[in-house]
Each structure stands twice: as C-alpha cells, then as structure tokens.
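Geometric and topological summary
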Amino acid sequence: MFSMVEIEVNSRCNRRCDYCPNVIEPRKAPKMMKPEQFERILDRLVEADFSGRLSYHFYNEPLLHPKLPDFVGRVRERLPRVRQILYSNGDFLTDEKYHLLHERGIERFIITQHDGNPGEPKPNLVWLTPQLLKLTSRAGTVEAGPPVAPGVSCFAPSDMLIITITGNVVLCYEDSREEVVMGNVFDTPIMDIWMSPAFRAAREALTDGDRTVSEICRRCNNRAHQTSEAFDYVL
C-alpha cells in the first residue's frame, strides 16, 4: 500500500527555476482543479482507506489555487488520519494564510526559498534553499543531478501515488510529461489502478533495480528512493 499521495491541484507556478521542467515545457493542462474533481479524488481515497501523507503538488505552486484552504479542510473532515504537508516556494505564504492553512489541517510546511535566504522561523515550518536540494534531471527533461542510475533500486512507485490535475495516476513524480499513465481516478478506483498487473510489474522490477521498465526510468538519475520509507521531504 502506498504511504504518500501527491495531488496536483493546479498546473502553474509563478517561478521559472532552471532545474524545473516548467522552464522548458510548461504544463499543457487545465490551470485549476475544480472542487468537484477534488471531492471525487477524496471519494477514491476514502474507498482505499488511505491514512498516510498527502500533499498538493506535482510541478506547480499550490498556493496559487484560491480553494486550497477549503481542500485542506475537506481532507481533515473526510480523511482525519491523513497527515497533510504543504510543499511551496512560499512567495504567497502570508502570515494570515500560514495560520489559516495550519488551522484547517496542514501539519508541516516545507518551503524552498529560491532566493537563497530562509525566511522568518515559524512552528511546523522548514525552510530549504536550492543548495540543500538533491536535484535530478526529471527523467532527462532538464540538466541537473548525477549520472543516470541503471541498476539502482527505486521504491518511489511503491511508496507514492501521484495524481495529476486531470486525474491521471502516473508511475512517478519525475514524469512531468505524463508519459507513463497507469490509470485515471475519475473513472477507476484507486486500488484497481494500484494493483493492476502493469503497475505491480513496474514496482517489482524497479525495487530490483531494473530501470528498463519505461523510458522515463531509463533516463532517470534519481537515487533518493533506494529504500522504502515515508517522508516529509528528502534532502
């Protein structure tokens, strides 16, 4: 069972970091997830009895979505055992929004300060700078990180369920182009997608270090998931 879910609630970012695919290939997707779509995803997570970590990003800035506080509150109501984490660049995280999101259900804020200077200390908030990040090439989309990693085990698709703004479940969060889609939560229960033969075969191969299961895995240089674990962030 996956221990982490990441939902792309919007598909845009106000930043253009040179280590992000948005610089080269901005997402060709709807800008904002509709509340009824988010509610349908929650239906699926309730069906799956999910109780792990949930966050609101893919290649986007979650704070751009005006309904984010409402989404956070709905998760707390419908999935009270879920631990909610906000990954953000912090540009729109005012004190008022920080307190509102924390009150609604965000337990930890992971803020990457791209200007390089951590902001004001706050409870439940971690400031990161780009120098602290282990960058990757995003499956060959950008030039960053170490050489490709053939033979290196990867547990990311075993631990994480990535849901894009259109409801697609992709193999991995490195798949910014949605090249490997395992199913869509708007028409298929999550556990049917998760336990499908194709998804299971890919997970098994990757845990054994076989990165030939897809082209994105062949191109991938991510070495951060060589063991299975739940995390709030990876340095």
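You'll find the protein chain entered in an unreviewed UniProt entry as Radical SAM protein, with Paludibacterium paludis given as the organism. In UniProt, the protein chain has this text filed under Cofactor (unreviewed entry): "[4Fe-4S] cluster".

Regarding the packing of aromatic side chains
For the structure on display, the rule yields seven aromatic pairs. With 4.1 Å between their ring centres and 15 degrees between their planes, Phe-38 and Phe-71 make a pair best called stacked. Within this pair, whereas Phe-38 is found in helix H1 (residues 35-47), its partner Phe-71 is found in helix H2 (residues 68-78), the two being separated by 33 residues in sequence. Residue Phe-71 is classed as buried on the basis of its relative accessible area, which comes to 3%. Aromatic pair Phe-58 and Tyr-59: ring centres 4.8 Å apart, planes at 70 degrees, arrangement edge-to-face. The two residues Phe-58 and Tyr-59 agree in class, both being buried. Following the ring pairs from residue to residue traces out a cluster consisting of Phe-2, Phe-50, Trp-194 and Phe-199. Positioned over the ring face of Tyr-98 is Lys-122, at 5.7 Å from the centre of the ring. Of note, Arg-203 hangs over the ring of Phe-199, and the distance from its end group to the ring centre comes to 4.8 Å.

Some details on the UniProt feature "domain: 4Fe4S-binding SPASM" (unreviewed entry) in the protein chain
Cross-referencing UniProt, the feature "domain: 4Fe4S-binding SPASM" (unreviewed entry) maps to residues 154-221 in the present numbering. As annotated, residues 154-221 has a helix share of 37% and a strand share of 16%, and its two end C-alpha atoms lie 10 Å apart.

A look at the pattern of salt bridges
Side-chain pairing between opposite charges can occur once the charged atoms of the two side chains come close. Throughout the structure, instances matching the rule amount to 23 salt bridges. Between Lys-122 and Asp-95 there is a salt bridge; the shortest N-O distance is 3.1 Å. Residue Lys-122 is located in the loop between strand S4 (106-112) and strand S5 (125-128), and its partner Asp-95 is located in helix H3 (residues 95-104); the two are separated by 27 residues in the primary sequence. Overall, the relative accessible area of 16% leaves Lys-122 in the buried class.

Structural notes on the nonpolar core
Counting 65 residues, the largest nonpolar core has Ile-7, Leu-45 and Tyr-56 as its most contacted members. Among residues more than four places away in sequence, those in contact with Ile-7 are Met-33, Phe-38, Ile-41, Leu-45, Leu-54, Ser-55, Tyr-56, His-57 and Ile-163.

Concerning unusual backbone geometry
With glycine set apart, most residues show a phi of negative sign, and most peptide bonds adopt trans. Look at Asp-49: it is not a glycine, yet its phi comes out positive at around 55 degrees. Structurally, Asp-49 is set in the loop between H1 and strand S2 (53-55). A positive phi angle is found at Glu-178, which is not glycine, with a value near 55 degrees. Positionally, Glu-178 belongs in the loop between strand S7 (168-170) and strand S8 (181-184).

So, how was this worked out
- All residue numbers refer to positions counted from 1 along the written sequence of the respective chain.
- Whole-chain, interface and lining totals are the exception, using all residues; otherwise, since this is a predicted model, local features are given only for residues with pLDDT of at least 70 and side-chain atom pairs are given and counted only at 80 or more.
- Only heavy atoms go into the side-chain values, all of them from the structure, while hydrogens and water stay out.
- UniProt positions are given in the numbering used here, feature names are shortened, and annotations may be inferred rather than shown by experiment.
- Under the pairing criterion, centres of Phe, Tyr and Trp rings, with the six-membered ring standing for Trp, must be within 6.5 Å; the plane angle then separates stacked pairs below 30 degrees from edge-to-face pairs above 60, leaving the rest tilted.
- Elements are defined by DSSP. Helices are runs of H or I of four residues or more, strands are runs of E of two residues or more, and each kind is numbered from the N terminus.
- Each residue is placed in one exposure class: buried if its accessible area under a 1.4 Å probe, protein chains only, is under 20% of its type's maximum, exposed if it is over 50%, and partly exposed if it falls in between.
- Counting as a charge over the ring demands two things of the Lys NZ or Arg CZ atom: a distance within 6 Å of the ring centre and an angle within 35 degrees of the ring normal.
- Salt bridges are counted wherever a side-chain nitrogen of Lys or Arg sits within 4 Å of a carboxyl oxygen of Asp or Glu.
- Throughout, nonpolar core names a set of buried Ala, Val, Leu, Ile, Met, Phe, Trp, Tyr and Cys residues whose side chains join them through atoms within 4.5 Å.
- Here a residue-residue contact requires only that any non-hydrogen atoms of the pair lie within 4.5 Å.

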